Amino acid sequence: MADGWIYGVLTGDIIKSTKLKDKYGDELIAFIRNTLEDAGKNNIKPYSIFRGDSFQGITRNPENALEDAILIRLALISSKYSGNLRQDHLDARVAAGIGTVDYLPEDRPVSEGDGEAFRNSGPELDRMKNDRKKLVVKTPWAGINEEFEIYCAFLDRSFDSITPKQAEALIYLFKGLSQQEIAEKSGVSQSAISHRIKKTDYDIIKKIIARYQRKIREALNLESNSRDLKIKIDNLA
């Protein structure tokens, strides 16, 4: 493959999945598969599920990787399998790795791919278990990594205190629905939805996503300009 393009790879694992699968069985597995299928609609390949409770997906739009990771976590937390308290949440650890890709099999699962983006994602997920983190962004750019280590820590704390109903409201907001439309879907009043949203960090989460998208696009533009300059210099040599 090695086309020089920068990709986003999300690798994750479902937290406490064994306990929940014992309780809900195939119903829970089907829900997780459907959640990942919906999250990966714009991915190059469908999400690959391996080791029973781990998953991996790849996108050609690395600027969307953080939002994709956030929406996956919110979808899990908002489900009927999730409880109101942090220890009862259906949640996932997710590592967003950004970088080039050396190999991506056409007829095999995405989890068999290799390259910088994969190495910035999979190994980070393994380290997260020891560090008690649930969200990590790893890119080729040290400045972005340092900045988003702080933002990811904030998001972890925010999602630990969110309720399933609040998470559901945030998902609808990210999909562009108004508070009144969310109320109609949820079967409650608009004031109830407004109260749920006010109890979350929605405005800050939106700003973190926008900041991430801007920083990734800036880095991609610098990479592109650097490649163009190198080509011109090579042509003059």
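In this text, all values refer to a predicted model and were calculated from it rather than measured experimentally.

Draft legend 1. Focus on the sheet that holds strand 5 (residues 135–138). Ordered by their spatial adjacency, five strands build an open sheet running 2-3-1-4-5, and the pairing between neighbours is mixed. Both outer strands of the open sheet, strand 2 (45–50) and strand 5, are each paired with one neighbouring strand and no more. Shown here is a sheet whose adjacent strand axes are inclined to one another by a mean of 15°, direction ignored. Here four bridges tie strand 2 to strand 3 (residues 54–59), and the two strands are oriented antiparallel to one another. Looking at the pairing, I49 lines up with F55 of strand 3.

Draft legend 2. Here's a closer look at helix 6 (residues 142–160). Its 19 residues place the ends of helix 6 27 Å apart at the C-alpha level, agreeing with the 27 Å of an ideal helix rising 1.5 Å per residue. Along helix 6, the helix axis deviates most sharply at F148, where the bend reaches about 25°. Buried within helix 6 we find I144, N145, E147, F148, C152, L155, D156, S158, F159 and D160.

Draft legend 3. Geometry of the environment of E112. As for its position among the elements, E112 is in the loop between strand 4 (92–99) and helix 4 (116–119). By relative accessible area, which is 35% here, E112 ends up partly exposed. Remark: the alpha-carbon pair of E112 and S48, spanning 64 residues in sequence, is separated by 9.3 Å. Apart from residues lying up to four places away in sequence, E112 is in contact with Y103 and P105. Side-chain polar atoms of E112 contact the side chain of R108, separated by 2.9 Å.

Draft legend 4. Structural detail: the packing of aromatic side chains. Counted according to the given criterion, the structure contains six aromatic pairs. Geometrically, the ring pair formed by F174 and Y202 is edge-to-face, given 5.4 Å between the ring centres and 70° between the ring planes. Taken as a pair, F174 in helix 7 (residues 164–174) and Y202 in helix 10 (residues 202–236) lie far apart in primary sequence, 28 residues in all. The exposure classification of F174 matches that of Y202, with both residues buried. Through successive ring pairs, a cluster of aromatic residues spans Y24, F31 and Y81. The aromatic ring of W5 is capped on one face by R60, whose charged end is 3.9 Å from the ring centroid.

Draft legend 5. Main features of the environment of N43. Along the polypeptide, N43 turns up in the loop between helix 2 (26–39) and strand 2. Looking at N43, the relative accessible area reads 14%, which means it is buried. Sequence-distant contacts of N43, that is, excluding residues within four places in its chain, are made with G57, I58 and T59.

Draft legend 6. Layout of the nonpolar core. Formed by 52 residues in total, the largest nonpolar core has its most connected members in I70 and L74. The element best represented in this core is helix 3 (residues 65–77), accounting for nine residues. Excluding residues that lie within four positions of it along the chain, L74 makes contacts with F159, I162, A167, L170, I171 and F174. Y7, V9, V101 and A117 belong to the second largest nonpolar core, which has eight residues in total.

So, how was this worked out
- Residues numbered from 1 in each chain as written.
- Predicted model: local features only at pLDDT ≥ 70, side-chain atom pairs only at ≥ 80, totals over all residues.
- Heavy atoms only, no water.
- Pairing = 2+ DSSP bridges.
- Helix = DSSP H or I, 4+ residues; strand = E, 2+ residues; numbered from the N terminus.
- Axes fitted to C-alpha atoms, helices over the stretch in contact; angles between N-to-C directions.
- Expected span 1.5 Å × (residues − 1).
- Bend = angle between axes of the 7 residues up to and from the residue.
- Buried < 20%, exposed > 50% of the residue type's maximum accessible area, 1.4 Å probe, protein only.
- Contact = heavy atoms within 4.5 Å.
- Polar contact = N/O pair within 3.5 Å; in protein donor to acceptor, adjacent residues only side chain to side chain.
- Phe/Tyr/Trp six-rings, centres within 6.5 Å; stacked < 30°, edge-to-face > 60°.
- Lys NZ or Arg CZ within 6 Å of the ring centre and 35° of its normal.
- Core = buried A, V, L, I, M, F, W, Y, C linked by side-chain atoms within 4.5 Å.

Geometric descriptors of this kind do not, in isolation, establish any biological role.
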